[in-house]
Amino acid sequence: QVQLVESGGGLVQPGGSLRLSCAASGSISSAYAMKWYRQAPGKQRELVAVIGSSGSINYADFVKGRFTISKDNAKNTVYLQMNSLRLEDTAVYYCNAVNVVLFRSYWGQGTQVTVSS
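This section reports on the structure supplied with the text. These numbers were taken from a predicted model, which means no experiment stands behind them.

A short note on the overall build of the protein
Stage number 1. Helix and strand counts for the protein come out as zero helices and eleven strands.
Stage number 2. Going from N to C terminus, the protein has its helices and strands arranged as β-β-β-β-β-β-β-β-β-β-β.
Stage number 3. Whereas a compact globule of 117 residues would reach a radius of gyration of roughly 13 Å, the protein reaches 14 Å, a difference of no more than 12%.
Stage number 4. Buried residues in the protein amount to 44% of all 117 residues.
Stage number 5. A sequence separation of at least 24 residues applies to 53% of the contacts in the protein between residues at least 6 apart.
Stage number 6. Total accessible area on the protein stands at roughly 6,300 Å², and carbon and sulfur atoms take up 48% of it.

Dropping the structure here:
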């Protein structure tokens with residue numbers, strides 16, 4: 001029902017910035033919580049940031065003060081602004097939409113972020 005497409009990944013130097021986008025084919029209503037996850041090679045998937053159905057925002061400790069999650073309802077798009085990137089931020093970043101009413105989860109295909117000097 002809902003298709004998610006991530007974009008904005010790429011290769012950046014340490015200290016650089018990227019903005020990831022997650023575009024939804026359908027409207028992201030207030031019933032959806034939007035999340036960004038990441039997974040590095042050889043590591044488990046980890047939650048990066050959440051913007052809840054109520055508008056609340058939470059971040060993992062390792063990105064606080066550096067990353068910002070936001071949502072543009074008119075464009076049906078969720079963003080992850082990433083600043084002060086570090087080598088350990090290298091991972092595939094995934095967008096996830098959870099319908100908290102119907103208990104359905106949707107995933108994007110992921111976008112590669114590589115931080116390297």
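What about the sheet that holds strand E1 (residues 4-7)?
Stage number 1. Pairing is antiparallel in the open sheet, where four strands are placed in the order E1-E3-E8-E7. Each edge of the open sheet carries a strand with a single partner, namely E1 and strand E7 (67-72). Recorded for the sheet is a direction-independent mean angle of 15 degrees between the axes of neighbouring strands.
Stage number 2. With four bridges joining them, E1 and strand E3 (residues 18-24) adopt antiparallel strand pairing. Residue pairing across strands places Val5 opposite Ala23, the latter belonging to E3.

Cut-offs and rules
- Every chain begins its residue count from 1, and numbering advances along the sequence as written.
- The model is predicted, so local features are restricted to residues of pLDDT at least 70 and side-chain atom pairs to those at 80 or more, both for listing and for counting; the totals for chains, interfaces and linings are taken over all residues.
- For the side-chain quantities, the full set of heavy atoms in the structure was used; hydrogens and water were omitted.
- Starting at the N terminus, helices and strands are each numbered in turn, a helix being any DSSP run of H or I of at least four residues and a strand any DSSP run of E of at least two.
- Based on C-alpha atoms, the radius of gyration is set beside the globule rule, defined as 2.2 Å times the residue count to the power 0.38.
- To sort residues, take the accessible area from a 1.4 Å probe on protein chains only and compare it with the maximum for the residue type: under 20% means buried, over 50% means exposed, and anything in between is partly exposed.
- Should any heavy atoms of two residues lie within 4.5 Å, those residues are considered in contact.
- Note that accessible areas follow from Shrake-Rupley with a 1.4 Å probe, and for residues the cover is restricted to the protein chains shown.
- When DSSP finds two or more bridges between a pair of strands, those strands are recorded as paired.
- Between N-to-C directions, angles cover 0 to 180 degrees, with each direction set by a line fitted to C-alpha atoms, over the stretch in contact for helices.

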